[in-house]
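What follows is the residue order along each chain.
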Amino acid sequence: MLQLKNVDVCYGSFKALNEISMTVNSGELVVLLGANGAGKSSLFNTLSGLNKPTAGDIEFEGKRLNGLRPSAIVDAGIVQCAEGRKLFPQMSVQQNLMLGAYVHRRDKQGNRRRYKEILEMFPILEEKAEQPAGSLSGGQQQMVAIGRAMMSRPRLLMLDEPSLGLAPLIVRQMFQTIQQINSLGTTVLLAEQNAFAALKIASRAYVMENGRLVMEGDREAMLGNEKVREAYIGA
Amino acid sequence: MNLFFQQIINGMTLGSIYGLVALGLTLVYGILHIPNFAHGALYMVGAFMTYFLMVDIGAHYWVAMAGSAIIVAIVAVLSERLVFHPLRNSPPIHDKIAAIGILLFLEALVQMIWGADFRRISSPYTGILNFDGLIIPEQRLLIIVGAFVLVAALQLFLRKTMTGATIIAMAQNRDGAFLVGIDANRVAMMTFAISGILAAFAATLYAPINLVYPAMGHVVIMKAFVIIILGGMGSIPGAIVGGMIIGFAEAFGGFYISTSYKDIIAFGLLVVILSIRPQGLFTKGAH
Ligand SMILES: Nc1ncnc2c1ncn2[C@@H]1O[C@H](COP(=O)(O)OP(=O)(O)O)[C@@H](O)[C@H]1O
Ligand SMILES: [Mg+2]
């Protein structure tokens, strides 16, 4: 579904991503592990068209994505739920969610249906619908962020550290929701530092260090791997 | 009593015009981070377009107003496409220099065609309404009502339409807007178009009780900048409230102190308010 070949990304003279090659197959839940500063967000932002690759190729469903504008990438079916959520803080929860449907704005009926599905996934958001998104708790804001991304009807959903800064109980629910989204048919690429929880729901994983992918494997291999356990799980 | 009421009307008239001009300026700043010094020139072009359509073409006042709004919207969008868009990744100082360039260009162009003379526009509303001794010139009432209608229409557009929501979204979180697939170019063009339309309406409303000449935008744009700094850069309510504050301060200051000081009053108020609230009256970000 998604294929990267030797992708490089630079910020000025600093090379943040170095020859990244990876594949995500339709239906998978792929986890991208890596410490702070490894380059996970840089990779996601490149896939979203916010950063331009300086070398390499990005292909999605047979279509070349490099250099496309962010709006064209959302149109193509890749949607990112970004680190820090990037909500519209003074807009209501409902407006945030409806803006997620921006690329499908002509399909009003479909959007209403989708909106209902999102509220079923996150029932708490129904009572908060009229409140400014910025006034919600961290966990609820993360729900709005995921809900907004789902309103764009992604075929590939990228989630950048959705568990960051949330209480353990909320994190567990969050991972359950992500697994549910995946099992309902959306392919997921999940960047996490919370390796154990992420690997438990993953089909496969990549490990990133200093802008390079240094390891790849399926769930069992990763969970069993000494280096992964040492570096990311702490056991 | 009557003289006092007169100053209220004058303050509201000035405040309405300043508010409309400041609103366009603050929208462009809040969403695109461009301090558009050329905004006063758009206002001036708006007045000249109305003059041209009424005097040379013979259009009715309302038709001329609509025509002027369309033309200025196009000029504003062109300035975005041809000047600001290519500079979007340059250091901010380039935007400022380019804006001054547009300002000088538009003024020179208008002066080349129409000359530097003072001109007048006559509106069909020259009567004076008398409410039991309280006197309101029709054109002033039109300005106040017109500004109110425009602000209400803008609010409806921004809050109730998907297109309006994209503009607010871009102001509140630029990356967030990109991630839902909002097209930055569309928002930029729309924002400039709205700022141009508001400037043209303001100029056409105010011109019949003022003079039309190529440098007429200077004082207005200076005050509009004072207003948006005072109101909070990028804040819509800030532009409206700030416009009214400056309008009232000028009307009353001009009347009770001296008209020769009225242009200083705005800047004096700016100093006072910013020393109390450095961030402006309303916080940044369209809302
Ligand atoms: N806009 C930027 N400009 C310059 N350097 C950046 C920028 N964004 C990220 N970086 C650098 O790129 C590296 C990777 O960052 P990031 O992609 O945010 O990592 P992660 O998401 O894995 O924590 C870091 O060294 C970071 O400092
Ligand atoms: Mg990150």
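For the structure itself, look to the data block above.
Residues numbered from 1 in each chain as written. Chains lettered and ligands numbered in written order. Predicted model: local features only at pLDDT ≥ 70, side-chain atom pairs only at ≥ 80, totals over all residues. Heavy atoms only, no water.

A separate point is the overall build of chain B. What chain B contains, in helices and strands, is eleven helices and two strands. Taking 287 residues into account, the globule formula puts the C-alpha radius of gyration at 19 Å, and chain B, at 19 Å, falls close to it. If you line up chain B on its principal axes, its C-alpha atoms span 60 × 50 × 35 Å. Counting the 287 residues in chain B, one finds 55% classified as buried. When contacts within chain B are restricted to residue pairs at least 6 apart in sequence, those whose partners lie at least 24 apart make up 77%. For chain B, the computed accessible surface area is about 12,100 Å², with 71% contributed by carbon and sulfur atoms. Positive and negative side-chain charges in chain B, numbering 14 and 11 respectively, have mean positions lying 8 Å apart. (Helix = DSSP H or I, 4+ residues; strand = E, 2+ residues; numbered from the N terminus. Rg over C-alpha atoms; globule rule 2.2 N^0.38 Å. Buried < 20%, exposed > 50% of the residue type's maximum accessible area, 1.4 Å probe, protein only. Contact = heavy atoms within 4.5 Å. Areas by Shrake-Rupley, 256 points an atom, 1.4 Å probe, with all protein chains shown as cover. Lys, Arg positive; Asp, Glu negative; His and termini not counted. Charge placed at Lys NZ, Arg CZ, Asp CG, Glu CD.)

Another aspect to go through is the interface of chain B and chain A. Tallying the contact residues gives 21 residues for chain B and 24 residues for chain A. Taking both sides of the interface into account, the surface hidden between chain B and chain A amounts to around 1,900 Å²; carbon and sulfur atoms contribute 65%. It is B:Met162, B:Leu179 and B:Val180 in chain B that bury the most area against chain A; as a group they hold 36% of the surface buried on that side. The interface formed by chain B and chain A contains one salt bridge. Of the charged contacts, one joins B:Asp183 and A:Arg69 as a salt bridge, the two residues approaching to 2.9 Å between their closest N and O atoms. Here chain B and chain A share four residue pairs in polar contact (both at pLDDT 80 or more) between them. If you tally residues by element for the side of chain B that touches chain A, the top one is helix H6 (residues 162–172) of chain B, at six residues. Considered class by class, the residues forming the side of chain B that touches chain A number ten nonpolar, seven polar and four charged. (Buried area = accessible area lost by both parts, 1.4 Å probe. Salt bridge = Lys/Arg side-chain N within 4 Å of Asp/Glu carboxyl O. Polar contact = N/O pair within 3.5 Å; in protein donor to acceptor, adjacent residues only side chain to side chain. Nonpolar A, V, L, I, M, F, W, Y, C, P; charged D, E, K, R; others polar.)

Residues and elements named next belong to chain A. The immediate surroundings of ligand 1 are formed by Tyr 11, Phe 14, Ala 16, Ala 35, Asn 36, Gly 37, Ala 38, Gly 39, Lys 40, Ser 41, Ser 42 and Glu 83. A distance of 2.7 Å separates an oxygen atom of ligand 1 from a polar backbone atom of Gly 37. Between ligand 1 and Gly 39 there is a distance of 2.9 Å, counted from an oxygen atom to a backbone nitrogen or oxygen. For ligand 1, whose unbound accessible area comes to 550 Å², protein coverage reaches 59%. Among the elements of the structure, strand S2 (14–24) and helix H1 (40–47) are those that each provide at least two residues to the shell around ligand 1. Sorting elements by how many residues they give to the shell around ligand 1 places H1 first, with three residues. Each residue belonging to the shell around ligand 1 can be placed in one class, and the counts come to five nonpolar, five polar and two charged. (Near = heavy atom within 4 Å.)

Residue and element names in this part refer to chain A. The coordination sphere of the magnesium ion (ligand 2), as far as protein atoms go, consists of Ser 41 (OG) and Glu 83 (OE), spread over 2.0 to 2.1 Å. In this pair, Ser 41 is assigned in helix H1 and Glu 83 in the loop between strand S6 (78–81) and helix H3 (93–100), connecting sequence segments 42 residues apart. Under the relative-accessibility criterion, Glu 83 is labelled partly exposed at 30%. (Donors = N, O, S within 2.8 Å, 3.2 Å for Na, K, Ca; no water.)

Attention now goes to the pairing of strand S8 (residues 187–192) of chain A. Residue and element names in this part refer to chain A. Extensive coverage of S8 is indicated by the burial of six of its six residues. Side chains Thr 187, Leu 189 and Ala 191 project from S8 onto one buried face, and the interleaved Val 188, Leu 190 and Glu 192 project onto a second face that is buried too. The pairing of strand S3 (residues 29–34) with S8 spans five bridges and is parallel. Among the inter-strand pairings, Leu 29 is bridged to a residue of S8, identified as Val 188. Both strand S7 (residues 156–160) and S8 contribute to a ladder of five bridges, which runs parallel. Looking at the pairing, Leu 157 lines up with Val 188 of S8. In this view, the connection linking S7 to its parallel neighbour S8 by way of helix H7 (residues 168–183) has right-handed handedness. (Pairing = 2+ DSSP bridges. Right-handed = clockwise from strand over helix to strand, strands pointing away.)

All names here are of chain A. Read across the sheet, six strands follow the order S6-S7-S8-S3-S9-S10 without closing on themselves; strand pairing throughout is mixed. In this open sheet, the two strands that pair with only one neighbour each are S6 and strand S10 (212–218). The sheet shows a mean angle of 20° between the axes of neighbouring strands, direction not considered. Contacts from H1 reach S3, S6, S7, S8 and strand S9 (204–209), with the element oriented near 150° to S8. Against the sheet, helix H10 (residues 226–233) contacts S3, S9 and S10, and its axis sits at roughly 65° relative to S9. (Axes fitted to C-alpha atoms, helices over the stretch in contact; angles between N-to-C directions.)

Residue and element names in this part refer to chain A. Pairing is antiparallel across the open sheet formed by four strands, whose spatial order is S2-S1-S4-S5. Edge positions in the sheet fall to S2 and strand S5 (63–64), since each has one partner strand and no second. Direction of pairing for strand S1 (residues 2–11) relative to S2: antiparallel, over a ladder of seven bridges. In the strand pairing of S2, Val 7 is matched with Ile 20.

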